[in-house]
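# Structural overview for review
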Amino acid sequence: WKHLHDFVVGPCNRVAFAAAQSVTDEPTQGPNPLILHGPVGTGKTHLLEGIYAGLRRQHPQLKVLYIHAEDFTNRFVQAVRFGKQNAFRRSIRSCDVLLLDDLHFLARKKATQEEFLHTFDACLSDGKQVVLTCDCHPRLNDEFSPELMDRLLGGAIWGLLPPDRETRLALLRRKASGSVRRSGTSTETSANAAAAGIPDLVLEFLADRLRGNVRELEGALHSLRHYGQVTHRPIDIDLAREALGDLLRHAVRVVRLADVDAVVCRVLRLPTGALQSKQRSWSVSHPRMLAIYLARKHTAASYAEISAHFAGRSHSTAVAAEKKVRHWLQTDEKIAMGGRDWSVRDLLERIERELLH
């Protein structure tokens, strides 16, 4: 099990980490339920496993259940098939703390959602701690039932973003030093340990250029170390450029809110500043929704920061705009913008090509 003390904390995840720590220290005394959401590779499962390990260590008297949503579904289906629903419910609800990973797996599974909703209600009414992870803010998942959505929105909801430069460097340093410790025995010389490591200058070079999640950073370190071993060359920036050439070429550049704003205006032939105006006509409001969606996808800005940039809209307006564009994509909506008819999917791809060029 991963532990909270191994989690690298940065601006992109600090609040979520603090909430997880509070659950570990004093379960049911802080946010309950606690929902942690974010894209793949941002640390949701690490935090959930850290809560589990911390509770087992600090509160051994508590019965802590860690379960993946897929396992919850499979066990429920088996219980229904063999008429053992009551035994299934007892096995889940007898815990003191329920930790469920990847809640979004229950999307489109109405019967399982309903069963989980009853479990959720039973745990909360009995004063039990519940912590869930999800791939996006619950409000953005149209596949959750209204009843489940209502319960989720009543909890503390904290997001984890892809690592910023500061956090990427800290992650790289942690992974690099951890690999050195694991690579040898206590009898190895310090010279061998140093040779297995990666100079900090190289780690800074990677942190500046790689924009991916934790797994991509870890993969880059593995590739770099292996390339150095097979070529019998010391690891430096030149070696990093050679070993990770494809990865570095395809690394996504830093995108700012101003970049999104400018590209959307340029593609849709809007005057500069139009998306920051108070104008509410569809000719401006629809492009603004697209800009908000792209800002959430390609920048590390929070809803509050995005709202402040685009005409000072409220946090809930930004959430609704992102949800609306997601719906357009799901229904393959056609819209008229910039003097022509577009498929929303095609328009977004057109904007993204220019944004990331």
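Notes on the structure follow. Going along each chain's sequence as written, the residues are numbered from 1 onward. Side-chain atom pairs in this predicted model are given and counted only at pLDDT of 80 or more, local residue features only at pLDDT of at least 70, and totals for whole chains, interfaces and linings cover all residues. Water and hydrogen atoms play no part in the side-chain values, which are based on all heavy atoms of the structure.

### Observations concerning the pattern of salt bridges
The criterion, for reference: A pair is scored as a salt bridge if a Lys or Arg side-chain nitrogen falls within 4 Å of a carboxyl oxygen belonging to Asp or Glu. The buried label applies to any residue whose accessible area, calculated with a 1.4 Å probe on protein chains only, is under 20% of its type's maximum; exposed applies above 50%, and partly exposed to all values in between.
Enumeration according to the criterion identifies 18 salt bridges in this entry. Between Asp259 and Arg256 there is a salt bridge, with the nearest N and O atoms lying 2.9 Å from each other. We classify Asp259 as buried; its relative accessible area is 14%. A salt bridge links Arg350 to Glu354, with the shortest nitrogen-to-oxygen separation between them at 2.9 Å.

### Description of the nonpolar core
Rule in force here: Here, nonpolar core refers to any group of buried Ala, Val, Leu, Ile, Met, Phe, Trp, Tyr and Cys residues whose side-chain atoms link them within 4.5 Å. Numbering of helices and strands runs from the N terminus; a helix is a DSSP stretch of H or I covering at least four residues, while a strand is a stretch of E covering at least two. Residues are treated as being in contact if the distance between any of their heavy atoms lies within 4.5 Å.
Ranked by internal contacts, the top residues of the largest apolar core, which has 38 residues, are Val264, Leu268, Leu275, Leu290, Leu347 and Leu348. Secondary structure elements with two or more residues in this core: helix H13 (257-267), helix H14 (282-298), helix H15 (303-309), helix H16 (315-330), strand E6 (334-337) and helix H17 (344-355). Among the elements that line this core, the one with the most residues is H14, at seven residues. Those residues in contact with Leu347, other than ones at most four positions away along the chain, are Val267, Leu268, Leu290, Ile335, Met337 and Trp342. Counting 26 residues, the second-largest nonpolar core is a separate cluster that includes Cys95, Leu98, Leu100 and Leu106.

### Thoughts on the pairing of strand E7 (residues 340-343)
Worth spelling out the cut-off: DSSP-based pairing: two strands are paired if at least 2 bridges between them are found.
Across four bridges, E6 lies against E7 in antiparallel orientation. Each bridged residue has a counterpart across the sheet, and for Ile335 the counterpart in E7 is Trp342. Linking two consecutive strands that pair antiparallel, namely E6 and E7, is a turn of two residues; a positive phi of about 60 degrees is found at Gly338 within it.

By themselves, these are just geometric observations and shouldn't be taken as functional.
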